[in-house]
Amino acid sequence: LSAGVDGNAADADGWTALTFAAAAGNLPIVQALLKAKADPNVLAKDDKSPLFAAVFSGNAEVVRALLAAGARTDVGIASGNNPVTLARDRKRADLVALLTARPEGAVAANNLKAAVAQAARPPGAVTDGSGPGAPPSTGASSTGVPDELI
């Protein structure tokens, strides 16, 4: 980087050094790349962001560093999989809590919750949140994250 290498250069699949470092859970390299202005929201050809890669690696410190640098939690929603859903699928309540603390992460979580509730309703069920087809209200886990997200 100090020699002028582009920190946002990508390989043939669109993965940048930041995406690889995030996937490896390498916090010092992630921090150095972010300091050099690597884009935390760049998308690879597979629609994955560095934040998605960090959630996949399970490294909460890398996730925090990317969020602090402005990484968006709703990237990849068009593909049906984003950092919030990945954290939920991996049963990482700590990461779900970090991601949903951001406004766009909360929206992604709410959209997911609504889709799950809609899929669970029998045909012809009331869709205003009440009535016999409505899902039961759930509590929150000890992390404050809704149970259905972990």
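Structure first, text after, so check above.
Everything in this summary refers to the structure shown in the same document. (Residues numbered from 1 in each chain as written. Predicted model: local features only at pLDDT ≥ 70, side-chain atom pairs only at ≥ 80, totals over all residues. Heavy atoms only, no water.)

The subject of this paragraph is the pattern of salt bridges. Applying the stated criterion across every chain, the model contains three salt bridges. We note a salt bridge from R64 to E61, for which the minimum N-O separation is 2.6 Å. Note that R64 and E61 are positioned in helix α4 (residues 60–68) at a spacing of three residues, about one turn of the helix. On the accessibility criterion, E61 (42% relative accessible area) is partly exposed. Put simply, D94 and R92 hold a salt bridge, and the shortest N to O gap is 2.7 Å. On the basis of relative accessible area, R92 is assigned to the partly exposed category, the value being 25%. (Salt bridge = Lys/Arg side-chain N within 4 Å of Asp/Glu carboxyl O. Helix = DSSP H or I, 4+ residues; strand = E, 2+ residues; numbered from the N terminus. Buried < 20%, exposed > 50% of the residue type's maximum accessible area, 1.4 Å probe, protein only.)

What follows deals with the environment of N8. On the secondary structure map, N8 appears in the segment before α1 (17–24). Here N8 falls in the partly exposed class, since its relative accessible area comes to 32%. Separated by 11 residues in the primary sequence, N8 and T19 place their C-alpha atoms 9.7 Å from one another. Filtering out sequence-adjacent residues up to four positions away, N8 remains in contact with T16, K37, A38 and D39. (Contact = heavy atoms within 4.5 Å.)

Moving on, we get to unusual backbone geometry. Excluding glycine, most residues fall at negative phi; most peptide bonds, likewise, are trans. Positive phi, normally seen in glycine, also occurs at D47, with a value near 70°. Relative to the assigned elements, D47 resides in the loop between α2 (27–35) and α3 (50–57). Its relative accessible area of 22% is what places D47 among the partly exposed residues. In this structure, K91 takes a positive phi of about 55° despite not being glycine. Among the secondary structure elements, K91 is positioned in the loop between α5 (83–89) and α6 (93–100).

On to the nonpolar core. Nonpolar side chains tend toward joint burial in soluble globular proteins. In terms of nonpolar packing, the biggest core is built from 26 residues, with V30, V63, L66 and L99 touching the most fellow members. Elements that contribute at least two residues to this core include exactly α1, α2, α3, α4, α5 and α6. Among the elements that line this core, the one with the most residues is α4, at six residues. When neighbours within four sequence positions are excluded, V30 is seen to be in contact with L18, A21, A22, V62, A65 and L66. (Core = buried A, V, L, I, M, F, W, Y, C linked by side-chain atoms within 4.5 Å.)

An α-helix turns once per 3.6 residues; consequently, residues spaced three or four apart project the same way. Buried within α4 are the following residues: A60, V62, V63, A65, L66 and L67. At its buried positions, α4 is contacted by α1, α2, α3 and α6. The opening residue of α4 is N59, an N-cap whose side-chain oxygen sits 3.0 Å from the backbone nitrogen of E61. Looking one or two residues past α4, G70 carries a phi angle of roughly 100°, positive in sign. (Polar contact = N/O pair within 3.5 Å; in protein donor to acceptor, adjacent residues only side chain to side chain.)

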